Every structure is written in structure tokens, then in C-alpha cells.
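In case you want the letters, here they are:
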Amino acid sequence: MKIIVCMKQVPLSSKVEIDEETGNLKRMGAATRTNPFDLFALECALRIREQLGGTVTVLTMGPEQAESMIRDAYMMGADDAVILSDRKFAGSDVLATSYTLSQGIRMLGGADLIICGRQTTDGDTAQIGPAIAEHLHLPHAAWVNEITDVSSTHIQVRQDLASVFQISEMAYPCLITVDKDICVPRLPSYRRKVEAAMKPIRTVSCQDLPDPDMTRFGLVGSPTTVERIFPPPTGAGNITLEGTAIEKASQLFDLLAAAKYF
Amino acid sequence: MELLKFDMSRCDLCGQCIEKCPFGALQMEKSGITANEKCRMCSVCVKTCPQRAIRFEQVARSVDKDQWKGILVYAEQENGTIHPVVYELIGEARKLAAKVGYDVNCVMVGGAGTKENAEKLLPYGVKEVFVYEHPGFEGFKADCYSDAVADCVSTIKPSVVLIGATACGRSMAPRLSTRFHTGLTADCTELRMKDNTDLVQVRPAFGGNIMAQIIISDSRPQFATVRYKVMDKAKKVSNPTGKVTICNATELMVRSGISIVERAVITRTKSIEEEDVLVVAGRGVKTAKDVEMVRELAALLGGQLCFTRPMVENGFGDAAHQIGLSGRTVKPKLIITCGVSGAVQFTACMNTAQTIVAINTDPEAQIFRIAHYRIVDDLYQVVPELIARIKAAKEAE
């Protein structure tokens, strides 16, 4: 059983700075953490490995500082890890990021099962997992909140589709994105700390990927352009409704109707 | 536009893809297998190839914008009915379309009953609803749903594709945008059409701490997902002229890597922390009967009734519905407090709500310090009137 877990290092705080010139987010220097949803993905992978044997490889795209996240993943029990790191990857949107990660997966010779967290806490799009599946022509199941059955040939998962749940079964290779309720991630083991510190991490640049078509990476390979970034509109006002009780009820009705509460 | 790419290092020229292609779009040439213009991106060959040597490709940034026209709305069905977000997408699409003289079309994918649902969209000013109906589309399978929508997209070539940001929509949209090598913006809160047909998409990021304005200037179609209850619902048109078109949903289109074992409606009981709308009864609400009046308001707004600590102590509610330091902390989109004075133990646990409406007869009540909308009046007059107005509006729909 070969499992690849896609992970991302995200800013610790959601208060971030904006590069005024390019309109892109400044990532340098800010404190980071592992995207919390990805810890659930890694935990799922480790549990499947415990049950069926095999390997768990962590794949991430980002600056070399992502090493600290990988060390933590090693301390949780990941077998090996690859950081896709290249200045050419900077400014990647969903298409370029998912393409780069799918190239990383191809470089690793594919996997039986690819697990992603449902979304990141910085981009919040929940799009990378399904996009990777499309690049690799794999079936995928998103919003997985339980693995109901797993064997060496297939996986059966429970998907939370808001108003319905669906138990779906897929043969390998396939991809799932997991929700936060799926399991409790283990803490990094300090027993493994020394071992984890010694373990190698492969850092891969775009030349090492199987299809190094430069037009498909980073800002160049990203069809979406962030025109500008701005602070969200400030919340509701500080307004005293005037008139009779009936008139006030009427004003409140209009406010609620405009905000589509009914 | 190159649509299929053959990995010749993997291809063993078995010819199965040529045989299976329903459009006769593949041929064996000296250089290997190639696709011609008949290719409809149905993905049959991609699925057929035993060597996994065929991929979809489309060179990014080589698009002639004029070839992509109109707005396509993905009309999602949920348990056999049209998801309400669809009417909002149509409403928004019509506004955007009017700016540049586009039409609004819809695409629907599903099992039995899909065509009947498609008819229901015509009164909302949709020009054409493309229907892919097949028993194989029962349930939700991201891969074959994507294949069906991709077939429609490659046939009608829309400039913009709008998809509801539902669980299924968000699972399918990234597959589609990836297949067409184009951009996708998730959870747009605002859309504007430029004169040059570029769609300006505004979305929150970093947990809502930043708004990003995004455009897709050099590729088409422009994909965007929009959450439910963000855009205005479409109004019916006086003389609808649209039509429903049944598309060919082939056996191969419904072939999926996903098999559905079980599917059932979830009955969810939300905790008050998860609710978007809360109505709070404080000591100004005198009797159990009055509590029920406030509860009715909460129900009409699709939310739950909560209580202050004294109300729970007096037996009007349970601890699971108590807001405050000795109860729960909430952050709903809307909270309406009725007869709540606003002690700090209470306000500390709800003051991050997006919109706070306070109803209290005492103009000096602490609650008014944090309220966004202050109603200094008798809740026994305001609440019944509000309930009556909402009921009337719901009946008029």
C-alpha cells in the first residue's frame, strides 16, 4: 500500500500582509503551522498503513522552510517526504498548484491512495484535492468524514454532502479529501525526534519533475490573476431604528429580507 | 486547441481507444495516435486506455475569447429537487449577461426526473437547459458528473460557468476547471462583468480577513462557485421562450471509478454554536407562551431559540441553549436579542456575531452598547408584527 499525503504549511495567524506592488500575499518571515486539516489526512494515512502495511509519503509544495512541517510529520510517523520547492512555483493558483503536486505524484511513481485535507486555512478553496485527481485521471471522493472499509484493493468512505451522506467505494488508485471529524491526529512522538531529525527530506525543483513545461508553473501557469486585495467591508452599522413599534418592525423586516434570512 | 495528449512512452499502440471513441476522433498515424477536431472531450479514451497513456491537455493562454460566449449555470439537484442556489445563480447570471448581451443557459445532470426539473427553470429566463439524464447519474459521482458537464461546456463554449458552492459543486468544479486548463474562483461573494467579458470575481480569503478581487483574463471558460444565499434569486419572466434540450448521456459517460454503496438524507440537529441565526429570549420575555412566540420568530428565520442564564434557571430552556460564560459562546451571522439586558457575562459570549439586533424597552440597557441595530421598544409589539410580515412574505412566494 503506497499512500501519498499532500500537506501545506500555512501562516499561523490569519492576519497577513499584502505585497502592495504585486498584490500577492507576503509569506516571508511570518510564523507558520501545518494546515490543520492536513493533520487529519496524515493521521488517516498512518492508520491505514498500520492496518495494511505500506508507506506514507508526505508531499508538499512551498519554500524550504516547510522542512519544519516535514519534521513534525516524521515525528508522527511518516516514512518519507518530498518538498517541491522552486522560485518558479511562486504565485501559483489552483491550476498551477494542483499541476505541480500532480507532477510530484507522477515523479514518485504514483500512489494507491492520495489523501488531502479538505481545504487549507489560508486559501480556503477546497479545490486542490479534486484538481489533483483530475490531473491524474483518478476518481475522487471529497468531504470524507469516515473510512468505512479499507483493503489492499479498494477503499470505502462516507462522504458528508450537506443534506445527504453517501458511502462511496473506489478501487485504487484514487484520491480522497478528509474532513476534520474523521479522526484525532496523534501528537508528534518525541521518541522519534532524533530519528526524525536525521531522516532525509528530498527537495525537488521544477527541472526534476517529469514534465517540466515552464508555462504551467507558478504565476505564468496560473490563469487567475489577483487584481487587488482589500480589507473586508466593515460589519453592520450602529443604527437606532426610529418610529413606532410597527415601523421599527417593518424596518427590521426590510433589513432581514435584504440579507436573505427568509 | 489541443485537447488530448498521448504519452508515447506508455502507449503500446493497442488501438482500443480508436475502437471505443464514439466520435471517431482518434486515428493511428506514423507519429502514434492523434486526435482530430471531432474530439468532444468525452473522456472515453482516457478511461479506456489500459496503459493510462492518454491525458486531457489544453494549452493555457491560447484562447480566442470571442469563441466563448454566454453564461452556463450548473443546475444542481438535491434529493430530486432543484437546489435553491440555482435560482440565485440564474438571477446573477442574467444580470451579468445583460451587460454584454449574453444568453443564460443551464446544464443538468442526474437520474430519472431530471428532465421534469429542467422544465421548472424555463420561467426564470433561461434560454436553453441541457439535460444529461441517465440512471447511472443517480447519487453523486464527481468523475462522471464532470464528464457530462464538460461535454456540455465543450459543445456550447460558454464564457462563464457558474456553479453553486455546495458540497457537490465544490467537488466537481475543480475537476472541470482543471480539464479546461482555466481558472476557478471559489465562494465568490460578488461578481461583475467587464465590457471585454472578463468576469471580476471577489472572494474572501484567510478566514474572511482579506477580500481578493480575481480575474481570469487569458483563458476561458471562467469558472466561479457561489454560495447559497449570496446572490439575489432570479425573477420569473413574463413570456419565457427557453427550451429543454436532451443531450446524449452515453453508457460510457456514466462509467465511473466510484460506486455508491449507500446514500441517505442526514437529519442533523445543529448545536447553537453552528447556527447562522439565533434569537435570544431574555427576562423581558415573561411567560412560556411568550417564549413560544420568540421561538416562532427563530424558526421563521431558520435558526434556533436561545436563552440568557436567568431564563434557563427559571426553567424556560436547557443549558445547551444558554448563551453566556456559564453556557455557550456563539458567533452567528445574525443574533436578535429580545428583552435581554446585556450583562457582560452574556455579551462576552456573543459580541463577535456579524449582526446584532437588540430589542429592549430600556434605552439604557447594556445590550445597546454592542448592538448594530437598536430597537428601543416593546418586544410584544415588535416581534408579533415582524412574525406577521415574514409569514406574509413567505406566503406570497
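A.B. asks: Tell me about the pairing of strand 9 (residues 140-150) of chain A, and please be specific about residues and values.
C.D. replies: Residue and element names in this part refer to chain A. Taken together, the three bridges between strand 9 and strand 12 (residues 174-178) define a ladder with parallel strand orientation. Among the inter-strand pairings, Val144 is bridged to a residue of strand 12, identified as Val178. The sheet contact formed by strand 9 and strand 10 (residues 154-161) spans five bridges and is antiparallel. Residue pairing across strands places Val144 opposite Gln159, the latter belonging to strand 10. Here strand 9 folds back onto strand 10 in antiparallel fashion, the turn holding three residues.

A.B. asks: If you had to explain the nonpolar core to someone new, which residues and values would you point to?
C.D. replies: The biggest cluster of nonpolar side chains holds 131 residues, and the ones touching the most others in it are Val5(A), Leu42(A), Ile115(A), Val73(B), Ile90(B), Val149(B) and Leu162(B). Residue contributions to this core peak at nine residues, all from helix 1 (residues 36-52) of chain A. Counting residues in each nonpolar core, the second largest holds 50 residues, with Tyr261(A), Val294(B), Val357(B) and Leu379(B) among its members.

A.B. asks: Please give an account of the sheet that holds strand 18 (residues 277-281) of chain B that cites residues and values.
C.D. replies: What the six strands build is an open sheet, ordered 15(A)-22(B)-21(B)-20(B)-18(B)-19(B); its pairing is parallel. Bordering the open sheet on either side are strand 15 (239-240) of chain A together with strand 19 (304-307) of chain B, each of which pairs with just one other strand. With four bridges joining them, strand 18 of chain B and strand 19 of chain B adopt parallel strand pairing. Counterpart to Val280(B) in the pairing with strand 19 of chain B is Cys306(B). With respect to the sheet, helix 7 (residues 288-300) of chain B is in contact with strand 18, strand 19 and strand 20 (334-338) of chain B, its orientation differing from that of strand 18 of chain B by roughly 170°.

A.B. asks: Describe the interface of chain A and chain B, listing the residues and the values that go with them.
C.D. replies: Between chain A and chain B, the residue contacts involve 72 residues of the former and 77 residues of the latter. Of all the secondary structure elements, the ones that give two or more residues to the side of chain A that touches chain B are helix 3 (94-107), helix 4 (128-135), strand 9, strand 10, strand 11 (164-171), strand 14 (225-230), strand 15 and helix 6 (245-258) of chain A. The residue makeup of the side of chain A that touches chain B, split by class, is 38 nonpolar, 22 polar and twelve charged. The pairing of strand 14 of chain A with strand 14 (residues 210-215) of chain B spans five bridges and is antiparallel. Bridged to Ile229(A) within strand 14 of chain B is Ala212(B).

A.B. asks: An account of unusual backbone geometry is needed here, citing residue identities and associated values.
C.D. replies: Note the cis peptide between Tyr172(A) and Pro173(A), where omega equals -5°. Following the sequence through the fold, Pro173(A) ends up in the loop between strand 11 and strand 12. Of note, the amide linkage connecting Arg220(B) to Pro221(B) takes the cis form, showing an omega dihedral of -10°. Here Pro221(B) lies in the loop between strand 14 and strand 15 (222-226). In this model, Lys260(A) sits at a positive phi of 60°, which is unusual for a non-glycine residue. With respect to the helices and strands, the residue Lys260(A) is situated in the segment after helix 6.

About the criteria used
Residues numbered from 1 in each chain as written. Chains lettered and ligands numbered in written order. Predicted model: local features only at pLDDT ≥ 70, side-chain atom pairs only at ≥ 80, totals over all residues. Pairing = 2+ DSSP bridges. Helix = DSSP H or I, 4+ residues; strand = E, 2+ residues; numbered from the N terminus. Core = buried A, V, L, I, M, F, W, Y, C linked by C-beta atoms within 7 Å. Buried ≥ 20, exposed ≤ 12 C-beta atoms within 10 Å, placed from the backbone. Contact = placed C-beta atoms within 7 Å. Axes fitted to C-alpha atoms, helices over the stretch in contact; angles between N-to-C directions. Nonpolar A, V, L, I, M, F, W, Y, C, P; charged D, E, K, R; others polar.

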